[in-house]
Amino acid sequence: MNAARRFVLVATSVVLVATSFVASVSATELDDVLTEARDATYTASRLVVSVWGGKTQVSREYVEHADGMEIVRIGAKWSMTGNGKAVSMGDEPTGITFLTDQRSISTSRYTIKEIAKAYHMSRPCRIVEVREGDILRATLVVDDRSGALLIQELYSENGSLYRRTTLSDFRAYRTYEAPTDGSDVPAEVVMHEDSILLPDSIAGYELVDAFNAPGGSEQGYYTDGLFRFSLFILGGHMVISGFEDSMELVAESGVYKMVPTAQAVRLHWRDGSNNFVLVGDLPPDHVADVLAELPKPESRGMWARWWTRLFG
Amino acid sequence: MAGMTPVNEHLSMLLSCYLDGALTSDELDEVVVSLESDLAAVAEFRRLQEVRRSVRVLPILDVPLYLMPGEHLSEQLSAYLDGELATIEMPAVSAHLDSCTECRRELAELDRSRTAVRALPGLEPPVFLEVHRETVRETKRGLRTALVVASGVAAVAIVFTVGPFATEAEPVAVSIADLQYRHTAVASVPSSGIGVQISNAP
């Protein structure tokens, strides 16, 4: 009798522990978690560490986040982003606003699951895994009360961590330290345009919106529901500055100029007639997949090669 | 106006509405009582009548269509971009642009077209074409025609061969920081329509 009672007791304990640590929650609850993260209100220091091409990029910034808007201070410089607007609040404030009604996309690329409850910075949290098939793409530590993502770890295909974002000095309210919220800064208005050059989808990323960019070029905004990038197709006569001290990214599709930052990767190449620039937060293996479906880099055009052969 | 008390704003408004024929029956009673018993009200009533009479005899202004509410700017947009609007026109045009999405879009398109035209390369005719031209002048008409045709063909060939280099001679610069800035702004649009399919792991 005692043995049977002990068995029932142990079995019950195991079930309780399992359900508390591997608590699968309903889709609605998790969808709410993602929305809450975007709309969370908090003030914090944000440290972002990324590894690209064997080099580490680090960014530390002060953040005030509320209602989908984010005011950031890096050093003494303030900026604001949110709801399609980006504002730089320096000596000469400038801003840009994208008026857009983004096309909805549906993707079954990722599944999300809560794997455990935890405490971080003395705050009750839940740990959430994001998987792409069998590949672990991200681990998120979500603050229960505010919905903020206290820690984000992003992984490449081989399981290596390529970006870690952590919040510290966390306060679940705004401190309003910024000199202005940026709403009074005049902004260039950019409206949605139908694209003639941008593909509708690239390696699982769907074209959500397209805009005219500088010099009559096109900007396509792509997402797969988790990661995002912009592809700029610029005329061959345009000069792209900022890649003077770039690294080389060698992919199967060719060699690209790369300037990684803590938050994003920036790539530039030419296909002989156009310049291409890709800016986004996508993982390294996704970058390779996306580049494989785009025009390949070519050093110069046919006429340019002839010219070089003839005149050096 | 000794012996009169100033007309209050409420009564003045009622009198104005009375002239417009926009009073309710209760308000009409109130106005009638005032006009029968209050000299100040009568004076105010006459003043309002006089003002309306004066307004009616004012000459009719020929207001430009684009200044009328609901009318869009058309040729004024081009003048606006060229800085050719009269000073007096600027506030009205700016105010219209502030409130009219359609005109802002048209202005943006016009501005883009002009930018694109300005970015076109300026090609100078090659020197050897000038030499041909001098030679042709001294030849007979038939030969002149042939050479002109040949020059045309040569010019077209040059445009196609030298064109790519000519465009590189006047490059348009754009910084990666600017492009990153644009991406950040677009990526901050609430993505409520972008659904990550969430499911319980197996």
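The coordinates are above.
Predicted, not measured: the structure shown is a model, and the values here were computed from it. (Residues numbered from 1 in each chain as written. Chains lettered and ligands numbered in written order. Predicted model: local features only at pLDDT ≥ 70, side-chain atom pairs only at ≥ 80, totals over all residues.)

## Thoughts on the nonpolar core
Within the largest apolar cluster, 68 residues are counted, with the highest numbers of intra-cluster contacts made by Phe232, Leu267 and Val277 of chain A. Looking at which element gives the most residues to this core, the answer is helix H9 (residues 176-187) of chain B, with six residues. Not counting residues within four places of it along the chain, the set of residues in contact with Leu267 of chain A comprises Leu249, Tyr256, Lys257, Met258, Val277 and Leu278 of chain A. (Core = buried A, V, L, I, M, F, W, Y, C linked by C-beta atoms within 7 Å. Buried ≥ 20, exposed ≤ 12 C-beta atoms within 10 Å, placed from the backbone. Helix = DSSP H or I, 4+ residues; strand = E, 2+ residues; numbered from the N terminus. Contact = placed C-beta atoms within 7 Å.)

## Some thoughts on the pairing of strand S15 (residues 205-213) of chain A
Residues and elements named next belong to chain A. Bridge count between strand S14 (residues 201-202) and S15: two bridges; the pairing is antiparallel. The residue bridging Ile202 from the neighbouring strand is Tyr205, located in S15. The antiparallel hairpin formed by S14 and S15 contains two residues in its connecting segment, where Ala203 sits at a positive phi of about 50°. Pairing between S15 and strand S16 (residues 217-223): seven bridges, direction antiparallel. Each bridged residue has a counterpart across the sheet, and for Asp209 the counterpart in S16 is Tyr221. Hairpin geometry of S15 and S16 is characterised by an intervening segment of three residues between the two adjacent antiparallel strands and by a positive phi of about 70° at Gly215. (Pairing = 2+ DSSP bridges.)

## Section: the sheet that holds strand S2 (residues 55-66) of chain A
Reading across from one edge, S8-S9-S10-S11-S12-S1-S2-S3-S4-S5-S6-S13 (chain A) is the order of the 12 strands in this open sheet, with mixed pairing throughout. Each having just a single partner strand, strand S8 (111-120) and strand S13 (188-191) of chain A make up the two edges of the open sheet. Averaged over all neighbouring strand pairs, the angle between strand axes comes to 20°, with direction disregarded. Note: strand S4 (residues 77-82) of chain A against strand S5 (residues 85-89) of chain A, five bridges, orientation antiparallel. Note that in S5 of chain A the partner of Ser79 of chain A across the bridge is Ser88 of chain A. Relative to the sheet, H9 of chain B contacts S4, S5 and strand S6 (94-99) of chain A, its axis offset from that of S6 of chain A by approximately 50°. (Axes fitted to C-alpha atoms, helices over the stretch in contact; angles between N-to-C directions.)

## Details of the sheet that holds strand S20 (residues 254-260) of chain A
Residue and element names in this part refer to chain A. The sheet built from eight strands is open, its strands ordered S14-S15-S16-S17-S22-S21-S20-S19 with antiparallel pairing. Because the sheet does not close on itself, it has two edges, and the strands there are S14 and strand S19 (247-251). Pairing of strand S21 (residues 265-270) with strand S22 (residues 274-280) involves six bridges; the strand directions are antiparallel. Its bridge partner being in S22, Leu267 is matched across the sheet by Leu278. In the packing of helix H3 (residues 284-292) onto the sheet, the strands contacted are S14, S15, S19, S20 and S21, and the crossing angle to S19 comes to about 70°.

## Some remarks on the environment of Ser201 of chain A
All names here are of chain A. Residue placement: Ser201 occurs in strand S14. Once the C-alpha coordinates of Ser201 and Tyr222 are considered, the two residues, 21 residues apart in sequence, prove to be 7.8 Å apart. Apart from the residues lying within four places of it in its own chain, the contact partners of Ser201 are Glu206 and Leu207.

## Considering unusual backbone geometry
Most peptide bonds adopt trans geometry, and most residues besides glycine take a negative phi value. Residues and elements named next belong to chain A. At Asp67, a residue that is not glycine, the phi angle is positive and equals roughly 55°. Structurally, the position occupied by Asp67 is in the loop between S2 and strand S3 (69-74). Its identity as a non-glycine residue notwithstanding, Ala203 has a phi of 50°, on the positive side. As for its placement among the helices and strands, Ala203 is situated in the loop between S14 and S15. For Ala203, a count of 18 C-beta atoms within 10 Å gives the class partly exposed.

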